[in-house]
Amino acid sequence: MNDKNDVLKSNVNMLGRLLGNTIRNAHGDELLAKVEEIRKLSKSASAGNADDHDNLIEVLQSLPNDQLLPVAHAFSQFLNLTNIAEQYHTVSRHCGELVRSPDALDSLFQRLKSSDISRAEIEKAITDLKIELVLTAHPTEIARRTTIHKLIQINQCLSKLELGDLSLSERKKSELRLEQLIAQAWHSDVIRQKRPTPLDEAKWGYAVIENSLWQAVPEFLRQFDQKLNKHFGQCLPIDVSPIQISSWMGGDRDGNPFVTSTVTRQVLLLSRWKAADLYLIDIQELINELSMTRCNDFVRTLVGDAHEPYRALLKSLRKTLINTINYFDAQMKGQRVDEKDILTNVDQLWTKLHACYQSLNECGMSIIADGLLLDTIHRVQCFGINLIKLDIRQESSRHTEVLSEITHCLGMGDYGQWSEQDKQTFLIRELSSKRPLLPRDWVPSHAVQEVLDTCRIIAQQPREAFGAYVISMTRSASDVLVVHLLLKEIGCPFRMDVCPLFETVKDLNNARSVISQLLITDCYRGFIQNFQMVMIGYSDSAKDAGVMAAGWAQYKAMEALVSVCESAGVDLVLFHGRGGSIGRGGAPAHAALLSQPPKSLKSGLRVTEQGEMIRFKLGLPDVATNSLNLYASAILEANLLPPPDPKQEWRDLMEILSDVSCEAYRDVVRGHKDFVSYFRSATPELELDKLPLGSRPSKRNPDGGVESLRAIPWIFAWSQNRLLLPAWLGAGQAIQYSIDHGYLKHLEDMCREWPFFSTRLGMLEMVYTKTSVSVSKYYDKKLVDQKLWPLGEQLRSRLVQDIKTVLMVENSAHLMEQNPWGAEAISLRNIYVEPLNMLQAELLYRTRSVKGVHKQLDDALMVTIAGIAAGMRNTG
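No experiment lies behind these values; they were computed from the predicted model shown. (Residues numbered from 1 in each chain as written. Predicted model: local features only at pLDDT ≥ 70, side-chain atom pairs only at ≥ 80, totals over all residues. Heavy atoms only, no water.)

Draft legend 1. View of the overall build of the chain. For the chain, the helix and strand inventory stands at 36 helices and 8 strands. Principal-axis analysis of the C-alpha atoms places the extent of the chain at approximately 85 × 75 × 60 Å. Every one of the 876 residues in the chain was classed for burial, and the buried ones make up 61%. Only carbon and sulfur atoms are counted for the fraction: they give 49% of the accessible area of the chain, which is about 34,500 Å². Taking the average place of the 99 positive charges on the side chains of the chain and the average place of its 106 negative ones, the gap between the two points comes to 3 Å. (Helix = DSSP H or I, 4+ residues; strand = E, 2+ residues; numbered from the N terminus. Buried < 20%, exposed > 50% of the residue type's maximum accessible area, 1.4 Å probe, protein only. Areas by Shrake-Rupley, 256 points an atom, 1.4 Å probe, with all protein chains shown as cover. Lys, Arg positive; Asp, Glu negative; His and termini not counted. Charge placed at Lys NZ, Arg CZ, Asp CG, Glu CD.)

Next comes the structure, spelled out in structure tokens:
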């Protein structure tokens with residue numbers, strides 16, 4: 001423990017020292033001394049010194065307006081640097097064995113070898129392995145793209161400095177580069193000055209591919225192949241494609257008026273352009289490398305008497321890629337250009353690259369074939385010609401509006417007012433009909449036209465360009481059938497995976513009924529070709545009922561869907577809409593997957609990677625490779641060594657825990673007369689709108705209250721004042737209720753033997769560790785009307801009691817006892833987060849007291865929001 005912490009602290013101290021140099025150069029010794037004074041007071045206060053806690057508050061309250069921004073900036077930047085040091089530490093060559101558990105795949109393969117599972121079962125599970133990561137643009141990523149780019153370069157410098165044989169001059173050169181990057185970040189805007197457009201968000205997603213996943217995917221497959229060979233003496237097939245990347249950026253129009261059919265078309269064009277651009281770089285490198293002259297007969301037939309056959313073959317591919325780039329460049333500019341010799345399908349890449357690979361192997365040059373060429377082939381299998389598959393997401397009521405306008409025009413009344421049975425009868429009849437449904441002389445409203453235009457965009461593209469069509473707020477079977485009908489009427493020539501999203505607890509409980517109704521419909525079975533995707537909503541269900549009730553509803557919905565689809569002979573893929581935070585389903589990937597019901601990963605994993613978690617889990621090639629390793633091992637383990645089915649007494653107790661926790665949660669969030677006023681006073685919820693995080697508005701209804709607030713800012717706001725209320729409220733109370741009613745032994749058994757329950761307790765522990773009773777109390781004192789203070793005291797008292805309850809069930813002396821590394825990391829960051837919390841409370845007090853706009857205060861406030869988000873990490 002000490003060795004690994006010493007290495008991490010050494011890097012953190014070095015980065016802090018270089019940041020100090022930057023602050024001194026930019027603002028002088030006086031400001032640096034003030035920052036250092038605040039840091040020392042915070043460290044002492046964190047160690048329990050009450051006097052220094054009071055002194056810290058006094059120093060921060062006395063800061064003049066012109067020092068607020070640089071002080072906030074200093075602590076925010078330090079947290080960014082600490083995060084990058086921690087992130088690097090998990091993949092560091094010298095520290096890796098100290099920090100990490102044994103390699104997840106190696107460990108699993110070793111266990112499988114000694115198990116009684118047949119080799120055929122293992123081979124099938126590996127062949128069937130599917131991991132689809134869906135990048136989303138949910139507005140929790142605070143850092144700008146320019147900041148992220150600098151942080152990646154800082155990581156590269158840390159990697160160089162780790163080399164033991166660096167000369168003194170080389171070390172000084174790397175440290176100088178580090179200081180330059182830190183200075184660049186300091187003198188750049190930390191916060192975006194305007195909201196990103198959906199196209200900007202898509203470009204951010206492509207940057208993640210280019211800077212990280214483009215390297216990580218082939219590296220993961222190379223490592224996977226080596227481990228498979230080591231343990232089982234077999235290799236991955238060359239055409240293996242276990243990793244797929246999809247995106248919601250530019251396709252998610254649920255509540256986002258800025259995502260239009262025009263934007264979706266632009267994103268699709270840009271995606272094709274970027275894919276060709278990245279492949280061109282690879283092909284040019286291969287042309288430089290593959291100067292060999294011997295080839296097999298097949299390649300010879302393709303290139304004739306060319307002296308350097310591989311170069312000749314690849315040069316023709318290079319020409320096609322250049323034409324493709326020029327074509328899509330013109331398309332994006334609205335220019336007309338001939339579609340001549342461009343990349344239109346993945347076989348154009350695969351055929352020539354595979355021919356080169358086969359030939360090199362047959363001619364005794366396997367070591368060359370298995371280099372960059374194999375990496376490029378793996379990229380082709382993962383990214384295709386579209387780079388990212390685009391999901392389309394739309395809210396169910398928008399489709400109902402389309403049908404209502406159509407039925408009005410046809411003189412059939414209002415479809416939206418029909419019974420569910422009448423809707424299904426109509427939709428099934430029209431799905432089977434050969435005649436068109438859309439009236440010839442019909443002029444749709446603007447909103448309806450936009451839905452139809454989106455369907456047309458889908459119909460005009462190849463199937464490979466898309467992932468799924470996700471229907472948010474799915475309530476009934478007709479919500480799914482109507483999308484199939486609209487795509488049919490528009491003339492979509494392929495089967496689109498139409499994916500219902502069940503979000504609230506009520507809808508999750510109803511998911512089995514909806515899917516059952518669909519699967520007994522013959523024409524629907526024909527449409528889906530025995531493949532069904534269903535999305536499980538974590539965010540809205542937790543916002544609706546609290547984390548304990550939502551978690552159990554999600555588990556039961558998954559079990560029910562697995563059972564229904566298995567009985568019907570339909571392959572089911574569950575699509576998990578997890579966020580980064582605990583309150584939105586976030587958890588360490590490996591533990592989260594192993595806590596799901598048996599058979600729920602049988603057809604693979606599809607999961608959202610959201611906001612800042614994309615950067616933390618996928619932002620660096622080595623980190624992304626490790627994340628893919630964890631996903632792969634968890635899926636294989638869940639399918640080959642599944643968790644136990646819960647005992648009936650555990651299920652019965654979970655029903656009690658669910659009911660009690662939901663009631664306790666709703667009693668506060670919905671039932672307490674002062675809750676909304678308290679929430680808006682004690683958190684920066686109202687101020688979050690000033691922060692240009694993402695393209696989507698923070699509310700579904702601009703005039704609505706808390707109920708209309710999206711789950712993301714709901715969680716985000718509570719993480720800022722360190723109460724993190726939605727991530728724990730109700731859960732501990734329900735556990736205490738169960739203890740009081742004689743269920744302690746059951747709870748202890750569930751904790752030891754049932755991954756679903758133990759993972760939830762582990763998630764609660766992490767949340768509790770990040771909370772701060774003193775910080776929350778300070779926000780109340782500074783910002784909340786005195787008549788609302790009793791509610792704050794009640795919630796904090798509940799928090800303290802809940803921590804004791806969970807520790808008792810786990811038989812632990814303190815939080816995160818089983819994860820000391822994680823606890824240490826949180827503790828290290830808290831020293832820098834707490835001054836930002838107190839500074840934020842002061843800034844909220846000042847901005848709320850000043851009428852009109854005060855840019856200096858607003859800018860400093862935005863920086864504190866960014867800094868606290870960096871310190872809390874999984875914020876939304």
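After that view of the structure, there is still more to cover.
Draft legend 2. Molecular detail of unusual backbone geometry. With a phi close to 50°, Gln-529 is a non-glycine residue in the positive phi region. Structurally, Gln-529 is set in the loop between α21 (522-528) and β6 (531-537). We note that Lys-599 has phi near 75°; this positive angle belongs to a residue other than glycine.

Draft legend 3. Representation of the packing of helix α13 (residues 309-332) against helix α14 (residues 347-362). Two numbers describe how α13 lies on α14: the axes approach to 11 Å, and their chain directions differ by 165°. With respect to each other, α13 and α14 are oriented roughly antiparallel. Here α13 and α14 pass one another in a crossing that is left-handed. Residue-level contacts link Tyr-310, Leu-313, Leu-314, Ser-316, Leu-317, Thr-320 and Leu-321 of α13 to Gln-348, Leu-349, Lys-352, Leu-353, Ala-355, Cys-356, Ser-359 and Leu-360 of α14. For the contact of α13 with α14, the residue count by class is 10 nonpolar, 4 polar and 1 charged. (Axes fitted to C-alpha atoms, helices over the stretch in contact; angles between N-to-C directions. Parallel < 35°, antiparallel > 145°, perpendicular 65-115°, else oblique. Left-handed = near helix turned anticlockwise from the far one by under 90°. Contact = heavy atoms within 4.5 Å. Nonpolar A, V, L, I, M, F, W, Y, C, P; charged D, E, K, R; others polar.)

Draft legend 4. The nonpolar core, seen in detail. Phe-224, Ile-245, Leu-353 and Phe-383 are the most contacted members of the largest nonpolar core, which totals 156 residues. In terms of residue count, helix α10 (residues 198-232) provides more of this core than any other element does, 14 residues in total. Setting aside chain neighbours within four positions, we find Phe-224 in contact with Leu-105, Phe-109, Ile-126, Leu-129, Leu-236, Ala-632 and Leu-636. (Core = buried A, V, L, I, M, F, W, Y, C linked by side-chain atoms within 4.5 Å.)

Draft legend 5. Structural detail: the pairing of strand β8 (residues 605-610). The buried count for β8 comes to 6 of 6 residues, which makes it a mostly enclosed element. By the alternation rule, side chains of β8 split into Leu-605, Val-607 and Glu-609 and Arg-606, Thr-608 and Gln-610, which are all buried. Relative to β8, strand β7 (residues 571-577) runs parallel, the two sharing 2 bridges. By the bridge assignment, Phe-575 is partnered in β8 with Arg-606. (Pairing = 2+ DSSP bridges.)

Draft legend 6. Local environment of the pattern of salt bridges. With the rule as written, the count across this model stands at 47 salt bridges. Look at the salt bridges and you will find they share partners, linking Glu-132, Asp-391 and Arg-606 into a network. (Salt bridge = Lys/Arg side-chain N within 4 Å of Asp/Glu carboxyl O.)

Draft legend 7. A look at the side chain of Thr-805. Secondary-structure assignment places Thr-805 in helix α34 (residues 789-810). Residue Thr-805 is classed as buried on the basis of its relative accessible area, which comes to 1%. When residues no more than four places from it in sequence are discounted, the contact partners of Thr-805 are Gly-732, Ile-735, Gln-736 and Ile-739.

Draft legend 8. Examining the packing of helix α4 (residues 65-89) against helix α9 (residues 168-186) more closely. Following both chains from N to C, one finds α4 and α9 inclined at 135°, their axes separated by 11 Å at the closest point. Accordingly, the angle class assigned to the pair α4 and α9 is oblique. Once α4 is placed against α9, the crossing between them reads as right-handed. Within the contact between the two elements, α4 uses Pro-70, His-73, Ala-74, Gln-77 and Leu-81 and α9 uses Ile-182, Ala-185 and Trp-186. Looking at side-chain class alone, the contact of α4 with α9 contains 6 nonpolar, 2 polar and no charged residues.

Draft legend 9. View of the sheet that holds β6. Read once around its circumference, the closed barrel built from 8 strands follows the order β1-β2-β3-β4-β5-β6-β7-β8, with strand pairing classed as parallel. Averaged over neighbouring strand pairs, the angle between their axes works out to 25° when direction is ignored. Pairing of strand β1 (residues 131-136) with strand β2 (residues 243-247) involves 5 bridges; the strand directions are parallel. Looking across to β2, one finds that Glu-132 is bridged to Gln-244.

Draft legend 10. View of the confidence of the model for the chain. When pLDDT is averaged along the chain, the result is 90, and 92% of the positions lie at 70 or above. Contacts from residues 96-100, a stretch scored under 50 in pLDDT, to residues over four places away or in other chains number 10 contacts. The low-confidence segment residues 580-586, where pLDDT is below 50, has 36 contacts with residues more than four positions distant or belonging to other chains. (pLDDT = per-residue confidence, 0-100.)

Draft legend 11. Inspection of the packing of aromatic side chains at higher detail. Here the structure, examined in full by the defined rule, presents 26 aromatic pairs. Plain terms: the ring middles of Trp-248 and Phe-575 are 6.1 Å apart, the flat faces sit at 80° to each other, and that makes the pair edge-to-face. Pair noted here: Trp-248 is in the loop between β2 and α11 (261-289) and Phe-575 is in strand β7, with a separation of 327 residues, a long-range link. A relative accessible area of 4% places Trp-248 in the buried class. (Phe/Tyr/Trp six-rings, centres within 6.5 Å; stacked < 30°, edge-to-face > 60°.)

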